[in-house]
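Summary of structural features
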Amino acid sequence: MHVRPSSTPASDRPRSPAAQFATPDRLSDYWRFYWAVAEAQIARWLPEAPSRLLDLSSPDYQGTPRAVAAGHDVVALLPSADLAVRRPLRLVNGRAAVPRPAPRGRLRQIVGDAAFLRFLAPGSFDGVIADNRVLSRQLATEEAVAEIARVLRPGGRVLLCVDSVVLGMALLAEQDCWPELSHAPSADVLLVPWPDGSITRCFTAEQLADTLAEAGLELEWVKPRTVLSASTVEMMLARDPRSMNRLVEMELRATESDDYVGVHLLAGARKPG
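To keep things clear, this report deals only with the structure shown in the data block. Counting of residues starts from 1 at the beginning of each chain's written sequence and follows it residue by residue. With the structure being a predicted model, the display of local features is reserved for residues of pLDDT at least 70 and the display and counting of side-chain atom pairs for 80 or more, all residues being used for whole-chain, interface and lining totals. Here the side-chain values reflect all heavy atoms present in the structure, with hydrogen atoms and water set aside.

**Examining the pairing of strand E1 (residues 52-55)**
Between any two strands, pairing holds if DSSP finds at least two bridges. Secondary structure counts use DSSP, requiring at least four H or I residues in a row for a helix and at least two E residues in a row for a strand, with both numbered from the N terminus. Two strands pair when backbone bridges link them, and E1 and strand E2 (residues 73-78) are joined in this way by four bridges, in the parallel orientation. Bridge pairing in E2 places arginine 52 opposite aspartate 73. Across three bridges, the pairing between E1 and strand E6 (residues 125-130) is parallel. Looking across to E6, one finds that aspartate 55 is bridged to isoleucine 129.

**Let's talk about the packing of helix H9 (residues 230-239) against helix H10 (residues 244-254)**
Orientation of H9 relative to H10, taken along the N-to-C sense of each, is 150°, at an axis distance of 10 Å. As the angle between them shows, H9 and H10 are arranged roughly antiparallel. Crossing of H9 against H10: the hand is right-handed. Mapping the contact onto sequence places Val233, Met236 and Leu237 in H9 and Met244, Leu247 and Met250 in H10. Amino acids outside the nonpolar list (Ala, Val, Leu, Ile, Met, Phe, Trp, Tyr, Cys, Pro) and the charged list (Asp, Glu, Lys, Arg) are all regarded as polar, and Gly is one of them. Tallied by class, residues from the contact of H9 with H10 come to six nonpolar, no polar and no charged. Orientation is described by axes fitted as lines to C-alpha atoms, over the contacting stretch for helices, and by angles from 0 to 180 degrees between their N-to-C directions. Just so you know how the angles are binned, under 35 degrees is roughly parallel, over 145 roughly antiparallel, 65 to 115 roughly perpendicular, and the rest oblique. Take the far helix as your reference; a near helix turned counterclockwise from it by less than a right angle gives a left-handed crossing, and one turned clockwise gives a right-handed crossing. The criterion used for residue contact is that any of the two residues' heavy atoms lie within 4.5 Å.

**Observations concerning the nonpolar core**
Only buried residues count toward a nonpolar core, which is a set of Ala, Val, Leu, Ile, Met, Phe, Trp, Tyr and Cys residues joined through side-chain atoms within 4.5 Å. Exposure is judged per residue with a 1.4 Å probe applied to protein chains only, and the accessible area is read against the type maximum: over 50% gives exposed, under 20% gives buried, and values in between give partly exposed. By size, the foremost hydrophobic cluster in this structure holds 32 residues, and its most contacted members are Leu54, Leu56, Leu135, Leu160 and Leu208. Where this core is concerned, the elements lending two or more residues are E2, E6, helix H4 (134-137), helix H5 (141-151), strand E7 (152-164), helix H8 (205-214) and strand E11 (264-270). Among the elements that make up this core, the one with the highest residue count is H5 (five residues). Beyond its immediate sequence surroundings of up to four residues, leucine 56 is in contact with Leu77, Ala114, Leu117, Val128, Ile129, Ala130, Val134 and Ile148. Residues Tyr30, Ala67, Val233 and Leu252 belong to the second largest nonpolar core, which totals 28 residues.

What follows is the structure, given as structure tokens:
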């Protein structure tokens, strides 16, 4: 594959889709839409009956309060004890939202590493949430997924989100990593550097399915988190700021397909038994 780098100076280029995901503005129209879709997806995934859930998705993940409010007992894993005192402020259009009713479930915060869950007993959770790209930041993803499978009870379920090869290739192109880009589609493991110096692991749907299968989990479904582009969402919301709910519903219908084109892949799996 031959790719000719752009002759336009980097400072004069429009902000690319890859750059938008590298430095997300959570108050922008697109990111408000993105997190609205994420909340709708976690709401669909949550068990109907009160359950014990493990959340590995970081302190600012809004799925945790939603799960607690739905009556589930949640153990949230934190990378640092300093983060345990944080209570993320939910913003709507840049303003603090009206507080939700008192939660019906319980929340317990503990410090730990998503790749090393040996301090948790086997089969101790009905479900595990590994959203917010947490498994892409665990470069030895197989070990992290194996630990998730260990702490799930038989019949337990996991919801996870990872960076896709689509995003990885966009980031490589953004950084003019042309030799790496040429090998990206066929790579068994694709590790991608980000502008902030971090590295994440990117997956195809098939690679994600294989990783789950190796850990003894059965894939139920895999699909893009979002299909609608940032430019499309921003254009539609500029035309009608009240169209957010309609856009979210459109996205939920659009991702029920076999077209893995999104920058993030969302998957559900189950532990047999």
